Amino acid sequence: MVNQIKLIELFEKWANEKSISFNPLPLSGSMRRYFRIESKNKSALAVYNPDKRENRAFIYLAKHFSKYELNVPKIYAQNLKENNYLIEDLGNQTLYSLISSTGNNFAATIHLIKNALSQLPRFQISASRELDYSVCYPRAAFDKQSIMWDLNYFKYYFLKLTGINFDEQELEADFQNFSNGLMKADKNYFMYRDFNARNIMIKDGDLYFIDFQGGRKGPLQYDLASFLYSSKLNLAEDLRKDLFEHYISSLAAHKKIDLRKFKKFYFDFALVRILQMLGTYGYRGYYEGKAHFLTSIPFAVKNLKSILDNKKYKIKIPHLIECLTKIIRSDQFSGLNGTSVETKRLNVRINSFSYKDKIPFDFTGNGGGFVFDCRSIPNPGRIEEYKTLTGKDELVKKYLDSQPEAQKFLKDSFDIVEQSVVNYINRGWTNLMVNYGCTGGQHRSVYCAESLSSFLKSKYDLEIVLNHTILNQ
């Protein structure tokens, strides 16, 4: 539990002044809590983190990097018995927030991005000398166990939660193959682990690096891939290549490397990083219900597609690639980042689903929209000639078109949805979700979802995302 009194005591002892303000910073994706404490002449960030090992790792690494004159937050004071420590206040602007404020105009910030990549080898190589990896958290090295953790995180919190069908045994075999193959890369460097634009602060025009507490011994490629394949940066391929070359050039000043060997493992580590990010988005978004994490999924899927389309990976992982191909082709991940910035039109997401599964999740935070139960209308699945068909097939559509109960159900649901559509458009709202569920998610719910999509398209200027959760598995 956060003890505000203890944090203030720690600050006042360091500052030798009375505090005049105590303000919590926005919550992040971790258990750490940050508070900005100010006195008349001083300011600092107070940190509470119940994970003692992570605290020790961060403090050790921050002090170690400072010896090598790297820009990391200074450690002002610590009370690790109470899980508290005090660090330098670097302000609020991150490299990512600056890029976002320019509308992802990378030309305006390219000098800062290249500066960050130029400094990365200093962490990886220069500052890795005399580093005690035994202090690193949660493991001393990015070893096979670490990779398997990331792959299983992806399996349990993305594949399973999103309903992507896979063969457990075949996927496990590919995970073993993948991790064994990556173990052949040179891993004798400091791996930052979360090197991305959100973890780079800007203060007085200089870059400062934070959130390295998960760092450990590992490969050079991972951190570069972590930055260049960051979901929200959404880098174009030509810019990504240019930044890759810039990093390689910067790396040469610290160590001579075999570029062919570096590239041999680079895209495989990029793939692992993307899967780790998808696992995080699934856990935070689908499992914990934090909708803003889901908005990063389409960008991660785009990066995934870039690697798969060009077959840049080298290790043989056929079933995993089959699963990733299903993700790329699935409609359920399109539109997760909301409506287009240019149009600002109402985005209506229409899902069909099976009541054997869970009701589709509302990623926008609007509360879920509507759920209509189609099980009260005649079921074509009970008729032999329709069993293998779906609600998209003409025979099934003609059958349901002829059923009065089905038509009344459609009209009633259309009336309810249309009332909200008109209201949302008039109020400038941008998201509405409608779910149709039936027993198997194959006939009635698909038919109703398709019918609503056609109805709305014929009357309104909307962004419609149609997703059949069972058919798309």
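Fair warning: this is a prediction, and the values are worked out from it, not measured in the lab. (Residues numbered from 1 in each chain as written. Predicted model: local features only at pLDDT ≥ 70, side-chain atom pairs only at ≥ 80, totals over all residues. Heavy atoms only, no water.)

Per the secondary structure count, the protein includes 14 helices and 13 strands. Principal-axis analysis of the C-alpha atoms gives the protein an extent of 80 × 55 × 45 Å. Taking all 473 residues of the protein together, 53% fall into the buried category. When contacts within the protein are restricted to residue pairs at least 6 apart in sequence, those whose partners lie at least 24 apart make up 73%. Roughly 21700 Å² of accessible area belongs to the protein as shown, and the carbon and sulfur atoms make up 49% of that amount. Charged side chains in the protein number 66 positive and 51 negative. The centres of these two groups are separated by 4 Å. (Helix = DSSP H or I, 4+ residues; strand = E, 2+ residues; numbered from the N terminus. Buried < 20%, exposed > 50% of the residue type's maximum accessible area, 1.4 Å probe, protein only. Contact = heavy atoms within 4.5 Å. Areas by Shrake-Rupley, 256 points an atom, 1.4 Å probe, with all protein chains shown as cover. Lys, Arg positive; Asp, Glu negative; His and termini not counted. Charge placed at Lys NZ, Arg CZ, Asp CG, Glu CD.)

The subject of this paragraph is the packing of aromatic side chains. According to the stated counting rule, one finds 35 aromatic pairs in the structure shown. Summarising the aromatic geometry, the rings of Phe 65 and Phe 123 are spaced 5.0 Å apart at their centres and angled 80° between planes, so their arrangement reads as edge-to-face. Remark: Phe 123 occurs in helix α4 (residues 106-124) and Phe 65 occurs in helix α2 (residues 52-67); sequence separation between them is 58 residues. Each member of the pair, Phe 65 as well as Phe 123, carries the same accessibility label: buried. (Phe/Tyr/Trp six-rings, centres within 6.5 Å; stacked < 30°, edge-to-face > 60°.)

Within the secondary structure, Phe 166 sits in the loop between α5 (144-162) and α6 (168-182). A relative accessible area of 15% places Phe 166 in the buried class. For Phe 166 and His 319, which are 153 residues apart along the polypeptide, the C-alpha to C-alpha distance reads 7.9 Å.

Where the model shows low pLDDT, its predicted coordinates should not be examined in detail. For the protein, mean pLDDT is 92; residues scoring 70 or higher make up 96% of the total. Every residue in residues 338-343 scores below 50 in pLDDT, and together they form 9 contacts with partners more than four places removed in sequence or on other chains. (pLDDT = per-residue confidence, 0-100.)

This part takes up the packing of α5 against α6. It is at 9 Å that the axes of α5 and α6 come closest, and there the two elements cross at 145°. In the crossing of α5 with α6, the sense of the turn from one axis to the other is right-handed. Taking contact as the criterion, the partners of Lys 144, Ile 147, Met 148, Leu 151, Asn 152, Lys 155, Tyr 156, Leu 159 and Lys 160 in α5 are, on α6, Glu 168, Leu 171, Glu 172, Phe 175, Gln 176, Phe 178, Ser 179, Asn 180 and Leu 182. When grouped by side-chain class, the residues that make up the contact of α5 with α6 number 9 nonpolar, 4 polar and 5 charged. (Axes fitted to C-alpha atoms, helices over the stretch in contact; angles between N-to-C directions. Left-handed = near helix turned anticlockwise from the far one by under 90°. Nonpolar A, V, L, I, M, F, W, Y, C, P; charged D, E, K, R; others polar.)

Let us look at α5. Over its 19 residues, α5 extends 26 Å from the first C-alpha to the last, a length consistent with the 27 Å expected when each residue adds 1.5 Å. Maximum bend of α5: about 30°, positioned at Lys 155. Where the residues of α5 are buried, they touch α6, β9 (216-218), α7 (220-228), α9 (259-287), α10 (297-309) and α11 (318-329). (Expected span 1.5 Å × (residues − 1). Bend = angle between axes of the 7 residues up to and from the residue.)

The final tally for this structure, using the stated rule, is 0 disulfides. For Cys 374, which is in no disulfide, the shortest distance to another cysteine sulfur is to Cys 448 and amounts to 3.8 Å. Since its relative accessible area comes to 0%, Cys 374 is described here as buried. (Disulfide = S-S within 2.5 Å.)

As a further point, take unusual backbone geometry. Across the junction of Tyr 137 and Pro 138, the peptide omega takes the value 0°, indicating a cis bond. Residue position: Pro 138 is located in the loop between α4 and α5. The residue Asn 16 is not glycine, and still its phi comes out positive at about 60°. By the secondary structure assignment, Asn 16 is in the loop between α1 (4-15) and β1 (19-24). Even without being glycine, Lys 311 reaches a positive phi, approximately 50°. One can find Lys 311 in the loop between α10 and α11. Judged by relative accessible area, Lys 311 falls into the exposed class, the value being 62%.

With that settled, the discussion passes to the nonpolar core. Grouped together as the largest cluster of nonpolar side chains are 101 residues, with contacts concentrated most on Phe 65, Leu 95, Phe 227, Leu 228, Leu 278, Leu 324 and Ile 327. The dominant element in this core, judged by the number of residues it contributes, is α9, at 14 residues. Among all residues touching Leu 228, those that are not within four sequence positions of it are Leu 117, Leu 235, Arg 240, Leu 243, Phe 244 and Tyr 266. Core analysis: the next-biggest nonpolar cluster, separate from the first, contains 30 residues, Phe 372, Ile 377, Phe 414 and Val 417 among them. (Core = buried A, V, L, I, M, F, W, Y, C linked by side-chain atoms within 4.5 Å.)

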